[in-house]
Amino acid sequence: PLEICENLASAIAQFWWSSNPPKRGIHWAKWGKMCAPREEGGIGFRMIHEFNLALLAKQLWRLVQFPDSLVARVLRGRYYRLSSPLRMGAVDNPSYVWTSITAARKLLLLGIRSKVHSGYEVNVWEDHWIPSTPARPARARAPAVNPKMIVSSLINPATKEWDVRILEQYVDEEDILMILSLAISPTHRRDTFCWSYTKNGQYTVKSGYWVATNLMRDEEDLEILQPSITKLQAFAWKVNAPQKICHLIWQLISGQVAVTRNLVRRNMRCDNYCPRCGAPEETVTHAIFECPPALQAWVLSSTPTSAEIFPIPSIYANMDFLFWRKNSILEPEDDRDPYPWIIWYIWKARNDKLFRGIDRDPLELVRYAEGECQAWYNARENVPNLPNVQNNEETQVLSLSNICMVDGSWTSTAQFSGMGWVWKDTLGKIQLMGSRNLRRRETSLHSELEALKWAMESMLQ
C-alpha cells in the first residue's frame with residue numbers, strides 16, 4: 001500500500017539523516033532529490049512506490065507473456081475471460097492482488113509492444129503494436145471501421161507480406177510507413193510481446209523503475225535549476241578517494257552540511273559566526289576555503305593557489321578548479337592531488353574546534369592528509385587485478401599458489417566453536433587440511449580470530 005511505501009521511505013530518510021538515533025536529525029534535501037541517480041546529482045536511493053510499481057509490472061508482464069501459466073489461466077477466468085489484462089475494463093469486486101497488479105498497467109503500456117507473428121491475436125485499433133515511442137494502436141483513416149479488425153487481415157495470405165492496398169484503405173498514412181518497417185513472420189506461432197527499453201526485448205524491474213521515475217513523473221515535479229550544479233555533483237562520485245570523502249564533497253557542493261549559515265536558514269537557534277576564526281558568518285566556502293586556518297592549509301599543500309583563481313568566494317568555482325581546471329583533466333584516474341583528503345581533514349579540524357575545543361595545526365593537517373593520500377594509492381596498487389587474473393590462465397595458476405582458506409563457526413547456544421583450514425597447491429588441489437573445536441568463545445569474531453591464529457600456526461609448522 002502507498003502508506004507502507006511512505007513509511008519505508010520515511011524510515012530510510014530518518015536513518016540517513018539522523019546521526020544520533022532516535023533523534024530525528026536535519027533533512028537537508030528532499031527525498032526525491034536524494035533518489036536521483038548519481039549522474040543526475042543525487043545519491044541513488046530507490047523511490048519505494050515507483051520501485052513497487054516496477055515489481056508489480058513484472059507480474060503483469062508475466063501474465064501477458066505466459067498466458068498458459070496456471071496463475072494467468074485462473075486470473076483470466078475471473079477477470080478478463082474475453083479480453084486482455086492490458087485493455088480490460090472495470091471489474092466488479094476485484095481482489096487486492098488483482099487491484100495491485102492492474103495498478104502497474106499504465107507503466108507497462110509505456111514500454112510494451114505487441115510483436116506480430118501470425119497477427120490473429122492483435123487487435124488493430126486496441127492493442128499497442130505500432131512501433132512508436134511509446135507504442136500505440138493504429139489510427140484509422142476514417143471513423144467508420146471494423147472495431148474488431150485483427151492485424152492478420154492486413155497481411156496478404158499469398159505473399160506473406162503487408163497488403164498495401166488494405167492498409168491505404170483503413171490505416172492513417174503516417175502509420176502505414178511505420179507498419180511497413182515492421183518485419184513480420186506470418187506463421188502459426190502465437191503473437192508475443194516485447195519491451196522497448198531493454199536490448200533483448202524482455203521486461204526487467206530495472207528498466208521498469210526507469211520508466212516509472214522518468215516517463216511517469218508529473219511535469220510539476222520536474223524542477224529546473226539554472227545554473228545547474230549537476231555536473232559538479234556527478235563528478236564528486238568519480239573522485240579518486242574513499243567513498244566517505246566523495247560523499248562529503250557531494251554534500252559540500254549540494255549545501256547539505258551543518259555550517260552556521262545553513263543552520264540559521266533552518267531556523268535553528270545558534271550563533272552565525274565562524275567557530276574557528278570568529279567571522280560574522282560561516283558558509284560552506286568560508287569553512288573549507290576562506291577561513292584563515294583552512295586558507296593556510298591550502299597554501300601549504302601541493303595544490304596550486306592564486307589570489308584571483310583559487311580559492312575564491314564560490315564553492316562551485318573552487319570545486320570546478322579542483323576537478324578540472326587546475327590540471328586540465330576530464331577524468332580523475334591520473335589525478336593524485338591530495339585535495340580530497342585536505343577537504344576532509346579541514347572539515348574534521350573545524351568540527352574538532354567546535355565540539356572539542358581542539359586547534360589543529362594547518363601544517364600537520366596537510367602532512368597527514370598527504371600521507372593518507374599516498375597510503376590509499378599504494379594500497380590500491382597492491383590489490384591484484386582480478387579481471388585480468390581470470391582472463392590469463394597462467395596468472396590464475398600462479399595466484400592460487402600457497403592459498404590457505406580459513407573459516408570459523410559460532411553459535412550462541414552451542415557449547416563449542418568449530419574452525420578449519422585448507423591449503424591448496426599451485427594446481428588448486430587440496431594438499432593439507434585441518435579442523436578442530438574449542439570451547440565456545442564470546443562472539444563469532446573471536447571464533448574467526450582463533451581460526452586464523454590456528455591456521456597460521458599450522459602453516460608455519
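Residues numbered from 1 in each chain as written. Predicted model: local features only at pLDDT ≥ 70, side-chain atom pairs only at ≥ 80, totals over all residues. Heavy atoms only, no water.

Visitor: Explanation requested: the overall build of the chain in the structure shown.
Guide: From N to C terminus, the chain includes 20 helices and seven strands. What you see for the chain is a C-alpha radius of gyration of 32 Å, clearly larger than the 23 Å of a compact globule of 461 residues, by over 25%. C-alpha atoms of the chain, sized along the principal axes, occupy 85 × 65 × 50 Å. The proportion of buried residues among the 461 residues of the chain is 41%. (Helix = DSSP H or I, 4+ residues; strand = E, 2+ residues; numbered from the N terminus. Rg over C-alpha atoms; globule rule 2.2 N^0.38 Å. Buried < 20%, exposed > 50% of the residue type's maximum accessible area, 1.4 Å probe, protein only.)

Visitor: Explain unusual backbone geometry to me, please; I cannot follow it from the model alone.
Guide: Residues Thr133 and Pro134 are joined by a peptide bond in cis, for which omega reads -5°. Summarising the element assignment, Pro134 is placed in the loop between β1 (112-115) and β2 (155-156). Here Phe310 and Pro311 are connected by a cis peptide whose omega angle stands at -10°. Along the chain, the position of Pro311 falls in the loop between α14 (292-300) and α15 (315-325). Positive phi outside glycine occurs at Asn267, with the angle close to 60°.

Visitor: Explain the packing of aromatic side chains to me, please; I cannot follow it from the model alone.
Guide: The relative placement of two aromatic rings is captured by the distance of their centres and the angle of their planes. Within the structure shown, the criterion is met by 23 aromatic pairs. A centroid spacing of 5.5 Å and a plane angle of 75° characterise the contact between Phe323 and Trp324, whose relative ring orientation is edge-to-face. With a relative accessible area of 0%, Phe323 lands in the buried category. The class of Trp324 is buried, set by a relative accessible area of 12%. Note that Arg46 overlies the ring of Tyr209, its terminal NZ or CZ placed 4.9 Å from the centroid. The ring of Trp324 has Lys231 sitting right over it, with the charged end atom 5.1 Å from the ring centre. (Phe/Tyr/Trp six-rings, centres within 6.5 Å; stacked < 30°, edge-to-face > 60°. Lys NZ or Arg CZ within 6 Å of the ring centre and 35° of its normal.)

Visitor: When you look at the pattern of salt bridges in this model, what are you seeing that I'm missing?
Guide: Pairs can form between side chains of opposite charge whenever their charged atoms are close. What the rule picks out here adds up to twelve salt bridges. Of the charged contacts in the structure, one is a salt bridge between Arg441 and Glu450, with a shortest N-O distance of 3.4 Å. Residue Arg441 is classed as partly exposed on the basis of its relative accessible area of 27%. Connected through shared salt-bridge partners, Arg136, Arg139, Glu174 and Asp175 make up one network. (Salt bridge = Lys/Arg side-chain N within 4 Å of Asp/Glu carboxyl O.)

Visitor: Any chance you could explain the packing of α14 against helix α17 (residues 362-382) here in plain terms?
Guide: Helices that pack against each other are described as a pair by the angle of their axes relative to one another and the distance between those axes. Remark: α14 packs on α17, axes separated minimally by 9 Å, with the N-to-C direction vectors making an angle of 50°. Judged by the angle between their axes, α14 and α17 are oblique. As for the relative orientation of α14 and α17, their crossing is right-handed in sense. Residue-level inspection shows Pro293, Gln296, Ala297 and Leu300 of α14 in contact with α17, the latter providing Pro362, Leu363, Leu365 and Val366. Looking at the contact of α14 with α17, its residues break down into seven nonpolar, one polar and no charged. (Axes fitted to C-alpha atoms, helices over the stretch in contact; angles between N-to-C directions. Parallel < 35°, antiparallel > 145°, perpendicular 65-115°, else oblique. Left-handed = near helix turned anticlockwise from the far one by under 90°. Contact = heavy atoms within 4.5 Å. Nonpolar A, V, L, I, M, F, W, Y, C, P; charged D, E, K, R; others polar.)

Visitor: Sorry if this is basic, but what is going on with the nonpolar core here?
Guide: Generally speaking, nonpolar side chains in soluble globular proteins are found buried as a group. Core analysis: the largest hydrophobic core is formed by 58 residues, its most contacted members being Trp298, Met319, Leu322, Phe323, Trp341 and Ile343. In terms of residues, this core owes the most to one element, helix α16 (residues 339-356), which gives nine residues. By size, the runner-up hydrophobic cluster in this structure holds 28 residues, among which are Ala54, Trp61, Trp98 and Tyr203. (Core = buried A, V, L, I, M, F, W, Y, C linked by side-chain atoms within 4.5 Å.)

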